[in-house]
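Analysis of the macromolecular model
If you want the building blocks of each chain, they are given just below.
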Amino acid sequence: MTDIPSPRPTLDVPQAEATRAFGRIGLLSFGGPAAQIAVMHRILVDEKGWLTERQFLHALNFCMLLPGPEAMQLATYAGWLMHGVRGGLIAGALFIAPGLVMMLALSAIYVVAGDLPVIAGLLYGLKAAVLAVVVQALVKVSGRALGSVAMIVIAALAFVGIALLRLPFPLIIALAALTGAVLQLGAPQWLPSARGADEGGPASGSVRAQDHRAVARTAAVWLAIWLVPLVALVVVLGRGNVFADAALFFSQTAVVTFGGAYAVLAYVGQQAVELYGWLQPDEMLKGLGLAETTLGPLVLVLVFVGFLGGANLSGMEPLVGGLVGGLVAAFFTFVPCYLWIFAGAPYVEALRHVRWLAASLAAITAAVVGVIANLAVWFGLNVLFGAFDYARFGPFFLPDAQWGNIDWAAALIGIAAAVALIRFGLGLFAVLGAAAAAGVLVTMV
């Protein structure tokens, strides 16, 4: 792997000290991306002084442009600033590793003991509380993203597209990006976030010709690390094998996961549950509940999805197949993140001046609001009604839930969790713990 010689600042930070710091960050990475980014800022900027405020914010802005977990990519970028590709690889791995180990362990416990009354009760309560967490995410994201009528329209169309027309998630993202670019050319006043893009040409830290070649070499290495195992699994195992299908599927999600884990979960749920049959809808909710309680990025819920796919469909002993499936999901989810950082970080300053890109990303963010709204509806129907069917009216698919089947206990737990989180601002872990305890009580009674 080739380090990129420029425009990376030279930071006089010993590798061992940086490794300890990123290991500490990984062990403190509870609470979602906002909390994780705050921890990184406190350690890297306030305590250590390794990054300036400007460097940290530029890195964060760049990571927000990328598909994938922004907090993990920010850790990778910070490590790259200090020690190039090797530093970024270590920082990203240390950010993921604790949560990955926890999620694999929790997935194994679920496969082995998920039917035990206590475990079932815990998961029942977590499943109901997750609905409140998704609603809270929807409120927060919509407050930031829907700053104009055009953004509201894009969000509404995205909801209709994915919820009622069942358009593929990547197509919705592509259409939103195209819409934003077109609006930037024809009506930029409709895109308030795009108007904040920097004026002028490339930044003073532009990349030289030799650096372009170094970036290309690094990108080629990480493309090979990503795509060679992917091709090998598909060729050797063939389509229809759970591990080959998982490699393809999670590679695809790695490319389109704009807007964080909540946005991609609707797409994952649609495909993993309805197309591949790796798990059941309520299990998707349980996995998200488990991911909310672990270290690391929330997108680690994909490890749970891969674990259950391998446990259920590989033909291997469940724990062995699940472990392989979980590791396949993790590999093809996170390896592309390294590619985005190592190939794109040298151009971060130049990217800040691309106005049509800022407009496209504003529109994508608005579309993500519609996708998260669909996720909230989908989760809500599964929490409250369990299994339900869809009725088709022309091109539209409408849920056909029976009100007589509503689960009032789950509804009460979900409403109480939403009030606690949104109205009173209680901590996530306290709310999840109370919901899990209520779930055990309901199950036992």
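Below, the structure is looked at part by part.

Rules used throughout
Residues numbered from 1 in each chain as written. Predicted model: local features only at pLDDT ≥ 70, side-chain atom pairs only at ≥ 80, totals over all residues. Heavy atoms only, no water. Helix = DSSP H or I, 4+ residues; strand = E, 2+ residues; numbered from the N terminus. Contact = heavy atoms within 4.5 Å. Phe/Tyr/Trp six-rings, centres within 6.5 Å; stacked < 30°, edge-to-face > 60°. Lys NZ or Arg CZ within 6 Å of the ring centre and 35° of its normal. Expected span 1.5 Å × (residues − 1). Buried < 20%, exposed > 50% of the residue type's maximum accessible area, 1.4 Å probe, protein only. Core = buried A, V, L, I, M, F, W, Y, C linked by side-chain atoms within 4.5 Å. Patch = residues over 30% accessible without salt bridge, like charges linked within 9 Å, V, L, I, M, F, W, Y side chains within 5 Å. Areas by Shrake-Rupley, 256 points an atom, 1.4 Å probe, with all protein chains shown as cover. Salt bridge = Lys/Arg side-chain N within 4 Å of Asp/Glu carboxyl O. Pairing = 2+ DSSP bridges. Axes fitted to C-alpha atoms, helices over the stretch in contact; angles between N-to-C directions. Parallel < 35°, antiparallel > 145°, perpendicular 65-115°, else oblique. Nonpolar A, V, L, I, M, F, W, Y, C, P; charged D, E, K, R; others polar.

Structural notes on the overall build of the protein
Looking only at helices and strands, one finds 17 helices and 2 strands in the protein. Here the analysis covers contacts within the protein between residues at least 6 apart in sequence; of these, 75% occur between residues at least 24 apart.

Considerations on the packing of aromatic side chains
Scanning the model with the defined rule gives 12 aromatic pairs in all. Between Phe 331 and Phe 332, the aromatic rings sit 4.9 Å apart at their centres with planes inclined by 75°, giving edge-to-face as the arrangement. Feature note: the residues Phe 249, Phe 250, Tyr 276 and Trp 278 constitute an aromatic cluster, connected by ring pairs. The ring centre of Tyr 390 lies 4.5 Å from the NZ or CZ of Arg 166, which sits over that ring.

Some details on helix H12 (residues 301–313)
The end-to-end C-alpha distance of H12 is 18 Å, a good match for the 18 Å that 13 residues give at a rise of 1.5 Å each. Within H12, 11 of the 13 residues are buried, leaving the element largely enclosed by the surrounding structure. Taken residue by residue, H12 has Val 301, Leu 302, Val 303, Phe 304, Val 305, Gly 306, Phe 307, Leu 308, Gly 309, Gly 310 and Ala 311 as its buried positions.

Digging into the nonpolar core
In terms of nonpolar packing, the biggest core is built from 134 residues, with Met 40, Leu 44, Tyr 77, Phe 250, Trp 278, Leu 279 and Phe 379 touching the most fellow members. Non-local contacts of Trp 278, meaning those with residues more than four positions away in its chain, are made with Val 242, Asp 245, Ala 246, Phe 249, Phe 250, Ala 272, Val 305, Leu 308, Gly 309, Asn 312 and Leu 313. Leu 381, Phe 385, Ala 401 and Ile 406 belong to the second largest nonpolar core, which has 5 residues in total.

Thoughts on helix H6 (residues 149–164)
Because the α-helix completes a turn every 3.6 residues, residues three or four places apart line up on one side. Across its 16 residues, H6 extends 22 Å between first and last C-alpha, which sits within 8% of the 22 Å expected from 1.5 Å per residue. Two residues or fewer past H6, Arg 166 is found with a positive phi of approximately 60°.

What to know about a nonpolar patch on the surface
A cluster of nonpolar side chains, contributed by Leu 165, Phe 393, Phe 396 and Leu 398, occupies part of the molecular surface with about 330 Å² of accessible area. In this structure Leu 165 comes out as partly exposed when scored by relative accessible area, which is 30%.

Focus: the pairing of strand E2 (residues 396–400)
Across 5 bridges, strand E1 (residues 389–393) lies against E2 in antiparallel orientation. Paired with Arg 392 across the two strands is Phe 397, which belongs to E2. Counting the residues in the hairpin turn of E1 and E2 gives 2 residues, including Gly 394, whose phi is positive at 65°.

Notes on the pattern of salt bridges
The tally for this structure, following the rule as stated, stands at 4 salt bridges. Residues Arg 42 and Glu 47 are paired through a salt bridge, measuring 3.7 Å at the closest nitrogen-oxygen approach. For Arg 42, a relative accessible area of 36% gives the class partly exposed. Accessibility expressed as a relative area gives 43% for Glu 47, which makes it partly exposed. Of the charged contacts, one joins Arg 239 and Asp 245 as a salt bridge, the two residues approaching to 3.1 Å between their closest N and O atoms. The exposure class of Arg 239 is exposed, given its relative accessible area of 57%. Residue classification places Asp 245 among the buried positions, given a relative accessible area of 7%. One connected set of salt bridges, linked through shared partners, spans Arg 24, Arg 42 and Glu 47.

So, the packing of helix H5 (residues 117–145) against helix H11 (residues 281–292)
At a minimum axis distance of 8 Å, the contact between H5 and H11 shows a crossing angle of 80°. In this view, H5 runs roughly perpendicular relative to H11, as classed from their interaxial angle. Every residue of H11 that contacts H5 at Leu 123, Leu 126, Lys 127, Val 130, Val 133 and Val 134 is listed here: Asp 282, Leu 285, Lys 286, Leu 288, Gly 289, Leu 290 and Glu 292. Each residue belonging to the contact of H5 with H11 can be placed in one class, and the counts come to 8 nonpolar, 1 polar and 4 charged.

Some thoughts on the environment of Ala 418
With respect to the helices and strands, Ala 418 occurs in helix H16 (residues 408–423). When the C-alpha positions of Ala 418 and Ala 132 are compared, they lie 4.5 Å apart, and in sequence the two are 286 residues distant.

With respect to the environment of Val 139
For Val 139, the position within the fold is in helix H5. Sequence separation between Val 139 and Val 369 is 230 residues; the distance between their C-alpha atoms is 8.9 Å.

Section: unusual backbone geometry
Non-glycine residue Arg 166 carries a positive phi angle of around 60°. By the element assignment, Arg 166 lies in the loop between H6 and helix H7 (169–186). According to the relative accessible area criterion, Arg 166 is partly exposed, its value standing at 30%.

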